[in-house]
Amino acid sequence: MNSISYSLTCKCNNKTYSSEKSYKNHCKTKGHLAWTEQMELKNIKMELTRRDNEITALKVQNEDLRDLNLILVKRLSGFK
Ligand SMILES: [Zn+2]
């Protein structure tokens with residue numbers, strides 16, 4: 001008995017394919033392609049949200065640093 005059984009399960013439908021060929025054929029179907037597109041869209045939206053959050057955090061950080069810079073410049077100019 002073979003200890004390794006070859007099977008591929010696709011995440012789009014949870015179906016298991018017994019050979020690479022049948023799996024590859026499944027990957028060409030409209031259902032699978034639509035699922036792939038949906039997943040890509042979901043990932044893009046998640047990435048967009050992540051970047052938006054990063055931009056917001058960087059803007060706040062930038063303002064804080066500008067404020068700190070102003071304070072330091074004022075202090076330094078006072079020592080002249
Ligand atoms: Zn699939």
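Up top is the structure these notes are about.
Every value quoted in this text rests on a predicted model; they were computed, and no experiment measured them.

## A look at the pattern of salt bridges
- Under the definition given, this model contains 4 salt bridges.
- When the shortest N-O distance is used, the salt bridge between Glu20 and Lys24 registers 3.5 Å. Placement of the pair is Glu20 and Lys24 together in helix 1 (residues 20-27), with a separation of 4 residues, close to one helical turn.
- We classify Glu20 as partly exposed; its relative accessible area is 40%.
- Measuring nitrogen to oxygen at the nearest pair gives 3.1 Å for the salt bridge that ties Glu54 to Arg50. Highlighted residues: Glu54 and Arg50, both in helix 2 (residues 30-78), separated by 4 residues, approximately one helical turn.
- Glu54 gets classed as partly exposed once you look at its relative accessible area, which sits at 40%.
- Overall, the relative accessible area of 44% leaves Arg50 in the partly exposed class.

## What to know about the state of the cysteines
- Evaluated as defined, the whole model comprises 0 disulfides.
- Cys10 provides the cysteine sulfur closest to Cys27, a residue in no disulfide bond, and the two sulfurs are 5.4 Å apart.

## Quick look at the environment of Tyr23
- Mapped onto the elements of the fold, Tyr23 is located in helix 1.
- Along the chain, Tyr23 and Glu63 lie 40 residues apart, while their C-alpha atoms are 53 Å from each other.

## Let's talk about the side chain of His32
- Positionally, His32 belongs in helix 2.
- Setting aside chain neighbours within four positions, we find His32 in contact with Cys10, Cys12, His26 and Cys27.

## Observations regarding the coordination of the zinc ion
- Coordination of the zinc ion by the protein involves Cys10 (SG), Cys12 (SG), His26 (NE2) and His32 (ND1), with metal-donor separations of 1.9 to 2.3 Å.
- Viewed at the metal, the 4 donor atoms of the zinc ion are separated by angles of 102 to 116 degrees, and the geometry they form is tetrahedral.
- Written as a sequence motif, the donor residues of the zinc ion are C-x1-C-x13-H-x5-H. Highlighted residues: Cys12 in the loop between strand 1 (8-9) and strand 2 (16-17) and His26 in helix 1, separated in sequence by 14 residues.
- Overall, His26 belongs to the buried group, its relative accessible area being 9%.

## Some remarks on the environment of Leu48
- Here Leu48 is to be found in helix 2.
- The class of Leu48 is exposed, set by a relative accessible area of 53%.
- Separated by 17 residues in the primary sequence, Leu48 and Gly31 place their C-alpha atoms 26 Å from one another.

Conventions used here
Sequence order as written defines the numbering, with residues in each chain counted from 1. Side-chain atom pairs in this predicted model are given and counted only at pLDDT of 80 or more, local residue features only at pLDDT of at least 70, and totals for whole chains, interfaces and linings cover all residues. Only hydrogens and water are removed before side-chain values are computed, so all heavy atoms of the structure are retained for them. Basic side-chain nitrogens of Lys or Arg form a salt bridge, by our definition, when they fall within 4 Å of a carboxyl oxygen of Asp or Glu. Think of it this way: any DSSP run of H or I at least four residues long counts as a helix, any run of E at least two long counts as a strand, and we number them from the N terminus. Note on exposure labels: buried denotes an accessible area under 20% of the residue type's maximum, exposed denotes more than 50%, and partly exposed covers the range between, all computed with a 1.4 Å probe on protein chains only. Disulfide assignment relies on a single distance test, namely cysteine sulfur atoms paired within 2.5 Å. Whether two residues are in contact is decided by their heavy atoms: any pair within 4.5 Å suffices. The donor definition counts N, O and S atoms within 2.8 Å of each metal and applies 3.2 Å to Na, K and Ca; water is not among these atoms, so some sites may look incomplete. Here the metal geometry follows the donor angles, with tetrahedral for four donors whose angles all fall between 85 and 135 degrees, square planar for four and octahedral for six when opposite donors are more than 155 degrees apart and every other angle is between 65 and 115, and irregular for all the rest.

Interpretation in functional terms is not warranted from these geometric data alone.
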